[in-house]
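Structure at a glance
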Amino acid sequence: MLDLAVSLKQEYQAGGNSPLLKGKVLGMVFQKPSLRTRVSFDMAMRHLGGDALYLSPSEIGLGKREAIADVARVLSGYVHGIMARVFEHDHVMQLAQWSSIPVINGLSDYNHPCQGMADALTIKENFGNLRGLNITFIGDGNNVAVSLMHICVTLGANFTIASPEGYDINPIAIEKARQIASAFNGKSPSLNFLRDPHKAVRDAHVIYTDTWTSMGQEEETKIREKVFPPYQVNAELVGEARQDVIVMHCLPAHRGQEITDEVADGSHSVLFPQAHNRLHAQKAILVRLLSVN
Ligand code: CP
Ligand code: NVA
């Protein structure tokens, strides 16, 4: 899919994509706000000759106004694919279970796989390949960290995270990462779970961070603002990594918290090409899933 993303990006930049998804419509179910996921999926469908329909939290009321199983079965007769952003991961799994059309996870409390695809594309563009790279996540062991960890070990990159006690990556996700790493065809990528951000960035090709408080955790904001300051990605921390390190963030960024302006807008930052790559990564996912339906 990454190779497909690269070729779709080249084709788009050379004048436009072929209408591979002509006549196809993606239903986009959102239970949380979004800029990148919403706009990149919508534009991806349009560039590929299809269309997208935005369904807001107040319209669908997933699991509240109507049972998830019923929403899934009704939508299956109207659109060709569903992209859903949900609070509970189980809700996107239920949509997938009850739909007869492809369901794409546009972020849940467990993971954010479409972000992971765009991240891998961005890393590939900067270093040629992920194999053997050292990729370090600094901060909360959240949904974005899970997808980054999984794509790293899938593609042979060593993954390190430095997170404060109590904010580790979910053990089920770690076990899955260990299984993927040990099945890797070649030298098994390493997985390192640390507390010290300084140790974690040593020799890093990539430093990645994300918000201290994810959507749905707003009531924990005050506590998290006390715990996470030692995990800020600032110029001092970036200076401890490799000279060619790139700094990544899925956005939205909380400047002055998990990342400083100096780093977000500095020479190591790839934040905006990374955000733009959501468009190209999303296209590959859509072509792979919807062009066969
Ligand atoms: N990175 C990301 O998913 O951004 P949005 O929440 O704006 O979609
Ligand atoms: N971890 C963040 C990512 C936002 C794209 C959240 O879930 O709110």
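Residues numbered from 1 in each chain as written. Chains lettered and ligands numbered in written order. Predicted model: local features only at pLDDT ≥ 70, side-chain atom pairs only at ≥ 80, totals over all residues. Heavy atoms only, no water.

1. A look at unusual backbone geometry
Here the residue pair Leu 251 and Pro 252 is connected by a cis peptide bond, since its omega of 5° sits within 30 degrees of zero. Among the secondary structure elements, Pro 252 is positioned in the loop between strand S9 (246–249) and helix H12 (261–264). A positive phi angle is found at Leu 107, which is not glycine, with a value near 115°. Looking at where Leu 107 falls in the secondary structure, it is placed in the loop between strand S4 (103–105) and helix H6 (113–127). Taking relative accessible area as the criterion, Leu 107 reaches 6% and is therefore assigned buried. (Helix = DSSP H or I, 4+ residues; strand = E, 2+ residues; numbered from the N terminus. Buried < 20%, exposed > 50% of the residue type's maximum accessible area, 1.4 Å probe, protein only.)

2. Focus on the pattern of salt bridges
Under the definition given, this model contains 10 salt bridges. Across the pair Arg 73 and Asp 70 runs a salt bridge, and its minimum N-O distance is 2.8 Å. Residue Arg 73 and its partner Asp 70 are located together in helix H4 (residues 68–75), separated by three residues, close to a single helical turn. Under the relative-accessibility criterion, Asp 70 is labelled partly exposed at 33%. Here the residues in one salt-bridge network are Asp 140, Glu 220 and Arg 224, joined through shared partners. (Salt bridge = Lys/Arg side-chain N within 4 Å of Asp/Glu carboxyl O.)

3. Overview of the nonpolar core
The biggest cluster of nonpolar side chains holds 55 residues, and the ones touching the most others in it are Leu 26, Ile 135, Phe 159, Ile 169 and Leu 286. Residue contributions to this core peak at eight residues, all from helix H7 (residues 143–154). Leave out the neighbours within four places in its chain, and Leu 286 touches Leu 21, Leu 26, Phe 41, Ala 44, Met 45, Ile 104 and Ser 291. Ranked by size, the runner-up nonpolar core spans 22 residues in total, among them Ala 200, Trp 212, Leu 237 and Val 238. (Core = buried A, V, L, I, M, F, W, Y, C linked by side-chain atoms within 4.5 Å. Contact = heavy atoms within 4.5 Å.)

4. Points about the site of ligand 2
Lining the immediate surroundings of ligand 2 are Leu 107, Asn 142, Asn 143, Val 144, Asp 210, Thr 211, Ser 214, Met 215 and Leu 251. Residue Asn 143 places a side-chain N or O atom 2.8 Å away from an oxygen atom belonging to ligand 2. Contact distances for ligand 2 include 2.7 Å between a nitrogen atom and a side-chain N or O atom of Asp 210. About the coverage of ligand 2: the protein hides 95% of its 270 Å² of free accessible area. A majority-of-atoms criterion places ligand 2 in the largest pocket. Taken together, the residues that form the shell around ligand 2 break down as four nonpolar, four polar and one charged. (Near = heavy atom within 4 Å. Polar contact = N/O pair within 3.5 Å; in protein donor to acceptor, adjacent residues only side chain to side chain. Areas by Shrake-Rupley, 256 points an atom, 1.4 Å probe, with all protein chains shown as cover. 1 Å grid on protein atoms, 1.4 Å probe; cavity = no way out; pocket = protein on both sides within 12 Å on 5 of 7 lines; lining within 4 Å. Sits in = over half its atoms within 2 Å of the grid points. Nonpolar A, V, L, I, M, F, W, Y, C, P; charged D, E, K, R; others polar.)

5. Concerning the sheet that holds strand S2 (residues 51–55)
Pairing in this open sheet of four strands is parallel, and the strands run S2-S1-S3-S4 from one edge to the other. Each of the sheet's edge strands pairs with one partner strand only, and the pair in question is S2 and S4. The average undirected angle you get between the axes of adjacent strands in this sheet is 20°. Here five bridges tie strand S1 (residues 25–30) to S2, and the two strands are oriented parallel to one another. Directly across from Gly 27, in S2, lies its bridge partner Leu 53. Each of strand S3 (81–85) and S4 touches helix H5 (residues 89–98); the most contacted strand, S4, lies at about 165° to it. (Pairing = 2+ DSSP bridges. Axes fitted to C-alpha atoms, helices over the stretch in contact; angles between N-to-C directions.)

6. Re the site of ligand 1
Neighbouring ligand 1 are the residues Ser 34, Leu 35, Arg 36, Thr 37, Arg 85, His 112, Gln 115, Cys 250, Leu 251 and Arg 278. Within the side chain of Arg 85, one N or O atom sits 2.7 Å away from an oxygen atom of ligand 1. Between a nitrogen atom of ligand 1 and a main-chain N or O atom of Leu 251, the distance comes to 2.9 Å. In isolation ligand 1 exposes 260 Å². Once the protein is present, 95% of that is buried. Structurally, ligand 1 is housed in the largest pocket. Taken together, the residues that form the shell around ligand 1 break down as three nonpolar, four polar and three charged.

7. Side note on helix H13 (residues 271–290)
Along its 20 residues, H13 runs 29 Å from first to last C-alpha, staying within 8% of the 28 Å computed at 1.5 Å per residue. The largest bend along H13 measures about 25° and falls at Asn 277. (Expected span 1.5 Å × (residues − 1). Bend = angle between axes of the 7 residues up to and from the residue.)

8. Let's talk about the environment of Val 39
Locating Val 39 in the fold gives a position in helix H2 (residues 36–47). C-alpha separation for the pair Val 39 and Val 144, spaced 105 residues apart in sequence, amounts to 19 Å.

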